[in-house]
Amino acid sequence: VQLQASGGGLVQAGGSLRLSCAASGASTRSYSIGWFRQAPGKEREFVAAVRRSGGSTYYADFVEGRFTIAKDIAKNTVYLQMTGMKPGDTAVYYCAGDSNLILSTIRDSRQYKLWGQGTQVTVSS
């Protein structure tokens, strides 16, 4: 199973981007998918996740309603729609997946076994 992240780019503050995480080799129906980000000099942090069972979604506090994670089963892709972007959102964004996550660990990057390559997001002020 492979995950491929795409959709990053340069956007002005207040703008929007949509990141995609395309899965191959297995259905996203079988995986919880998370988005994480890592800014220069900082640790990787949780952004959002959608759970395998039931499709419940979870967000980091800093999202503050600006981002939406959604799973498109037909396209085998998970999207992260980002709006109202801020310079502090600048980072490399990664998607990750795991088929056996429990709810209490969904924000823990160490629990995800599959990782896509990162996609750079830069927000200018």
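The rules behind each value
- Residues numbered from 1 in each chain as written.
- Predicted model: local features only at pLDDT ≥ 70, side-chain atom pairs only at ≥ 80, totals over all residues.
- Heavy atoms only, no water.
- Disulfide = S-S within 2.5 Å.
- Helix = DSSP H or I, 4+ residues; strand = E, 2+ residues; numbered from the N terminus.
- Buried < 20%, exposed > 50% of the residue type's maximum accessible area, 1.4 Å probe, protein only.
- Phe/Tyr/Trp six-rings, centres within 6.5 Å; stacked < 30°, edge-to-face > 60°.
- Pairing = 2+ DSSP bridges.
- Axes fitted to C-alpha atoms, helices over the stretch in contact; angles between N-to-C directions.
- Contact = heavy atoms within 4.5 Å.
- Polar contact = N/O pair within 3.5 Å; in protein donor to acceptor, adjacent residues only side chain to side chain.
- Salt bridge = Lys/Arg side-chain N within 4 Å of Asp/Glu carboxyl O.

Peer 1: Which residues make up the state of the cysteines, and what values go with them?
Peer 2: Summed over the entire model, instances satisfying the criterion amount to one disulfide. Here C21 engages in a disulfide with C95; their sulfurs sit 2.2 Å apart. Across the S-S bond of C21 and C95 the torsion is about 75°, and the bridge reads as right-handed. Taken together, the residues C21 in strand β3 (residues 17–24) and C95 in strand β9 (residues 91–98) connect sequence positions 74 residues apart. With a relative accessible area of 0%, C95 lands in the buried category.

Peer 1: So what about the packing of aromatic side chains? Which residues, and what values?
Peer 2: Centre distance and the angle of the planes are the two values used to describe a pair of aromatic rings. With the rule as written, the count across this model stands at five aromatic pairs. Ring geometry for Y94 and W115: centres 6.4 Å apart, planes at 75°, overall edge-to-face. Pair noted here: Y94 is in strand β9 and W115 is in strand β10 (residues 114–115), with a separation of 21 residues, a long-range link. Exposure remark for Y94: the relative accessible area of 18% places this residue in the buried category. A relative accessible area of 29% means that W115 is categorised as partly exposed. Ring pairing ties together the aromatic residues F36, F46, Y94, Y112 and W115, which thus form one cluster.

Peer 1: Describe the sheet that holds strand β1 (residues 2–6), naming the residues involved and giving the relevant values.
Peer 2: Pairing is antiparallel across the open sheet formed by four strands, whose spatial order is β1-β3-β8-β7. Each edge of the sheet is formed by a strand with only one pairing partner; in this case those strands are β1 and β7 (67–72). Neighbour to neighbour, the strand axes of the sheet diverge by 15° on average, direction disregarded. Two elements, β3 and strand β8 (residues 77–82), share six bridges in a ladder whose sense is antiparallel. Along β8, the bridge assignment pairs C21 with V78.

Peer 1: Explain the environment of Q12 residue by residue, including any values.
Peer 2: One can find Q12 in strand β2 (residues 9–12). Counting along the chain gives 100 residues from Q12 to Y112, while the straight-line C-alpha distance between them is 31 Å. Residue contacts for Q12: discarding those within four places in its chain leaves V123 and S124.

Peer 1: Please set out the side chain of D98 residue by residue, giving values where relevant.
Peer 2: The topology assignment puts D98 in strand β9. For D98, a relative accessible area of 3% puts it in the buried group. Of the polar contacts made by the side chain of D98, one reaches the backbone nitrogen of N100; its length is 2.7 Å. There is a polar contact of 3.5 Å between the side chain of D98 and the backbone nitrogen of L101. D98 has contacts with Y31, S32, Q111, Y112 and K113, leaving out every residue within four places of it along the chain.

Peer 1: Give a description of the pattern of salt bridges that names residues and reports values.
Peer 2: Going through the model one piece at a time under the given rule, you end up with six salt bridges. In this structure, K86 engages E64 in a salt bridge whose closest nitrogen and oxygen atoms are separated by 3.1 Å. On the criterion of sequence distance, the pair formed by K86 in the loop between β8 and β9 and E64 in the loop between β6 (57–59) and β7 is long-range, its members being 22 residues apart. A relative accessible area of 37% places K86 in the partly exposed class. Given a relative accessible area of 57%, E64 falls into the exposed group. R110 serves as the salt-bridge partner of D108, at 3.0 Å between the closest nitrogen and oxygen.

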